[in-house]
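# Close look at the chain arrangement
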Amino acid sequence: MCPLTVILLVTSFLIWLFVGFSIYKQYRYTTLIFDFLPFYFPLTILGFISYVAGILVWISLPLWFLILSIGIFVLILYAHLIRRWRKCYTLSLYASFLDELKNPQYLVHTFNDYQNTNNFSSDKVHVFIRHDVDLSLKRLSKIVELEKFKGLLSTSFFRLHSEKYSFEQALPLIKQLNADGFEIGFHYESLSQTKGNKDEAVVLFTEELKQLREIAPVSVVAHHGDKYDNHTLWPIVDKKSLEIWSAYDMKRDKYLTDTGGNDMVRQHGHHIFAKLDQVKPGDIVQVLIHADWWY
């Protein structure tokens, strides 16, 4: 086998491995490296071209047609999965969801409304839209601009230790959201930052909450999920003195989320909003949308 064949085939396998891993890991995780969402299909085509070129260089290989068929199968499979994603996680789909929420039977609130309202009317469906800002400030900006255009408000929970943005980089967006009437929440990961030390984590939680409150009012938090189980810190936080509560404390009737594990590969975005048909007047509905998924 000549060196050129090896290079071409290895290149194709690496590309396909990357795209396959991205599909398995729900796409958004590769934004840890770069915003690859628009490039998955071109990468798949590039991998196929490299694969075919490698076979053509190695034309004397027996059963080369069978091996070429394997490449065609991978191309079709990946193209199908990527097409489903691109179709089901578009801003236009989210815009349609927002249009549905503008119908008279719905009322959209910020999380602060939940704490300040004793009784919600029984003739409306009460919707609370939440964004956990894990990785992409750019994608969040597009989401909230769409919400602003539709005249609806949401609550964005910011991390202070994201892999893709610093707190300083998030400040202009936080200030703008606050000025536009959107609510700011704290997406805490204090236990992760202290490697599981709960005493240190409580101190860090308090310090970082204060830091965020210097920029905008913050009355609600939500833990960031990872191996340190940040939610286990919540029971020992002095919630009363800090005047803070968790989005997970909300007594909701429906919880719609795009965090779907392996179900996302099979069902994708439509299954989130389809559940809205199951709500009834008087229900409280929390909607979690990660901007990282949508484009």
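So, here's what we can say about the structure.

Turning to the packing of helix H2 (residues 40-57) against helix H3 (residues 64-88), a few remarks are in order. Each pair of packed helices can be summarised by the angle the axes make with each other and by the distance between the axes. With their axes 10 Å apart at the nearest point, H2 and H3 run at an angle of 175 degrees to one another. The orientation of H2 relative to H3 falls into the category roughly antiparallel. The residues of H3 that touch H2, namely those facing Tyr 40, Phe 41, Thr 44, Ile 45, Phe 48, Tyr 51, Val 52 and Ile 55, are Trp 64, Ile 67, Leu 68, Ile 70, Gly 71, Ile 72, Leu 75, Tyr 78, Ala 79, Ile 82 and Arg 86.

Attention shifts here to the pattern of salt bridges. Enumeration over the complete set of coordinates arrives at six salt bridges. Here Asp 99 ties to Lys 150 by a salt bridge, and the two come within 2.9 Å at their closest N and O atoms. Of this pair, Asp 99 sits in helix H4 (residues 91-101) while Lys 150 sits in helix H6 (residues 137-150), and the two are 51 residues apart along the sequence. Of the residues examined, Asp 99 reaches a relative accessible area of 36% and is grouped as partly exposed. Assessed through its relative accessible area of 14%, Lys 150 is described here as buried. With a shortest N-O distance of 2.9 Å, Glu 163 and Arg 159 are connected by a salt bridge. Take Arg 159: its relative accessible area is 2%, and that puts it in the buried class. Overlapping salt bridges, with partners in common, bring together Arg 159, Glu 163 and Glu 189 in one network.

The next subject is the packing of aromatic side chains. This model, assessed by the stated rule, comprises 17 aromatic pairs. Taken together, a centroid distance of 5.8 Å and an interplanar angle of 65 degrees make the contact between Phe 111 and Phe 128 edge-to-face. Linking Phe 111 in helix H5 (residues 111-116) with Phe 128 in strand E2 (residues 125-133), this pair joins segments that are 17 residues apart in sequence. With a relative accessible area of 0%, Phe 111 lands in the buried category. Pairing Tyr 114 with Phe 128 gives two aromatic rings, centres 5.9 Å apart and planes at 85 degrees, and the pair type is edge-to-face. Taken as a pair, Tyr 114 in helix H5 and Phe 128 in strand E2 lie far apart in primary sequence, 14 residues in all. Accessibility classification places Tyr 114 together with Phe 128 in one group, the buried group. In textbook terms, an aromatic cluster arises when at least three aromatic residues are bridged by ring pairs, as seen for Phe 111, Tyr 114, Phe 120, Phe 128, Phe 157 and Trp 245. Between Arg 130 and the ring centre of Phe 157, over which it is positioned, the NZ or CZ distance is 5.5 Å. Taking NZ or CZ as reference, Lys 239 lies 4.8 Å from the ring centre of Trp 234, over its face.

About the cut-offs
- Residues numbered from 1 in each chain as written.
- Predicted model: local features only at pLDDT ≥ 70, side-chain atom pairs only at ≥ 80, totals over all residues.
- Heavy atoms only, no water.
- Axes fitted to C-alpha atoms, helices over the stretch in contact; angles between N-to-C directions.
- Helix = DSSP H or I, 4+ residues; strand = E, 2+ residues; numbered from the N terminus.
- Parallel < 35°, antiparallel > 145°, perpendicular 65-115°, else oblique.
- Contact = heavy atoms within 4.5 Å.
- Salt bridge = Lys/Arg side-chain N within 4 Å of Asp/Glu carboxyl O.
- Buried < 20%, exposed > 50% of the residue type's maximum accessible area, 1.4 Å probe, protein only.
- Phe/Tyr/Trp six-rings, centres within 6.5 Å; stacked < 30°, edge-to-face > 60°.
- Lys NZ or Arg CZ within 6 Å of the ring centre and 35° of its normal.

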